[in-house]
Amino acid sequence: MRALVWGLLLLLTACVPVAMLRPPEPARGLEVSVGGSLLSDPFSGQSPVMALPYAGVAYGDGNLEYNFSVQWGLRGGVKLGLGPGLALDAGLTVPPAFGEGADWSQGVPVVLDGGVILGGEGVYFSPRVHLIGVPGSGGGTWSLAWQASLGTYRRDWVAEVGAMGGFGGGFLASLSAAWRFGTAP
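Residues numbered from 1 in each chain as written. Predicted model: local features only at pLDDT ≥ 70, side-chain atom pairs only at ≥ 80, totals over all residues. Heavy atoms only, no water.

## So, the overall build of the chain
Along its length, the chain carries 1 helix and 10 strands. Shown N-terminal to C-terminal, the secondary structure of the chain runs as helices and strands in the order α-β-β-β-β-β-β-β-β-β-β. Looking at the chain residue by residue over its 185 residues, the buried ones come to 42%. Within the chain, contacts between residues at least 6 apart in sequence are counted, and of these 49% link residues at least 24 apart. Of the roughly 9,400 Å² of accessible surface on the chain, 69% is carried by carbon and sulfur atoms. (Helix = DSSP H or I, 4+ residues; strand = E, 2+ residues; numbered from the N terminus. Buried < 20%, exposed > 50% of the residue type's maximum accessible area, 1.4 Å probe, protein only. Contact = heavy atoms within 4.5 Å. Areas by Shrake-Rupley, 256 points an atom, 1.4 Å probe, with all protein chains shown as cover.)

In structure tokens, the structure reads:
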């Protein structure tokens, strides 16, 4: 059972987007973010944390945003602004097709995520749910995980703390930050 939990944690951190780093306002024009995350390391006893780089691109008109980010997994998503300080955000993440054990003959693991982003005046909170699966023959296998992010942002940077859990009792804590560059006025 312990091996199954650690295997699920490995799959999740390879697929699930750790950093959200998206304020509630949809992008106006092109925005690029570059940063990283520190997260609790469930894989080895040598270091209590591991670091992951983050890169993201978003394009929008202030109401609807299309975004793409890379942090181990490749995520494409959409954010819909519902009003000041309120947005819906959803995406699809697939792991990179390299590395040891990347034999996906039984199916490619995917993560569908969805959540709400609440905030304004430089602070946001985002609860979300991840549907994690390996579609394939026999109906595939699916599970759920939860994530909550609390962040602060300004025009040229964003930082957040996050927690993720629900996968066999495992839990990941993270601290993420990124610089933001954009074409919006």
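Having put the structure on the table, let's press on.
## A look at the packing of aromatic side chains
Where two aromatic rings form a pair, the distance of their centres and the angle of their planes describe that pair. Within this structure, the stated rule accounts for 2 aromatic pairs. Centroid distance Y124 to Y153: 6.0 Å. Interplanar angle 45 degrees. Geometry classified as tilted. Of this pair, Y124 sits in strand β7 (residues 123-134) while Y153 sits in strand β8 (residues 141-154), and the two are 29 residues apart along the sequence. Considered together, Y124 and Y153 belong to a single accessibility category, that of buried residues. For the ring pair W146 and F171, a centre distance of 6.3 Å and an interplane angle of 45 degrees mean the geometry is tilted. You can see W146 sitting in strand β8 and its partner F171 sitting in strand β10 (residues 170-182), a full 25 residues away along the chain. Judged by its relative accessible area of 38%, W146 falls in the partly exposed class. (Phe/Tyr/Trp six-rings, centres within 6.5 Å; stacked < 30°, edge-to-face > 60°.)

## Some thoughts on a nonpolar patch on the surface
Together, L38, V49, L118, V123, F125, L150, V161 and L175 give the surface a local cluster of nonpolar side chains, amounting to about 660 Å² of exposed area. Assignment of secondary structure puts L118 in strand β6 (residues 110-120). Here L118 falls in the partly exposed class, since its relative accessible area comes to 36%. (Patch = residues over 30% accessible without salt bridge, like charges linked within 9 Å, V, L, I, M, F, W, Y side chains within 5 Å. Salt bridge = Lys/Arg side-chain N within 4 Å of Asp/Glu carboxyl O.)

## Details of the side chain of H130
The topology assignment puts H130 in strand β7. Here the side chain of H130 touches Q147 through a polar contact of 2.6 Å, side chain to side chain. (Polar contact = N/O pair within 3.5 Å; in protein donor to acceptor, adjacent residues only side chain to side chain.)

## Structural notes on the environment of G83
Its location among the elements puts G83 in strand β4 (residues 73-83). Residues G83 and L118, 35 residues apart in the sequence, show an inter-C-alpha distance of 10.0 Å.

## Observations regarding the pairing of β4
The two faces of a sheet get side chains in turn, since along a regular strand they alternate between them. Where strand β3 (residues 64-71) lies against β4, 8 bridges are found, and the strand directions are antiparallel. Its bridge partner lying in β4, S69 is registered against R75. Where β3 hands over to β4, the hairpin turn is made up of 1 residue, of which W72 adopts a positive phi near 65 degrees. Strand direction decides the pairing type here: β4 and strand β5 (residues 86-94), joined by 9 bridges, are antiparallel. Residue K79 lies in a different strand from β5, and its bridge partner there is D89. Between β4 and β5, which follow one another and run antiparallel, lie 2 residues, and G85 among them has a positive phi close to 75 degrees. (Pairing = 2+ DSSP bridges.)

## Re the environment of V116
Inspection of the secondary structure assignment puts V116 in strand β6. Separated by 28 residues in the primary sequence, V116 and L88 have C-alpha atoms spaced 4.6 Å apart. In this structure, V116 is in contact with L86, A87, L88, F125, S126 and P127, ignoring residues within four places of it in sequence.

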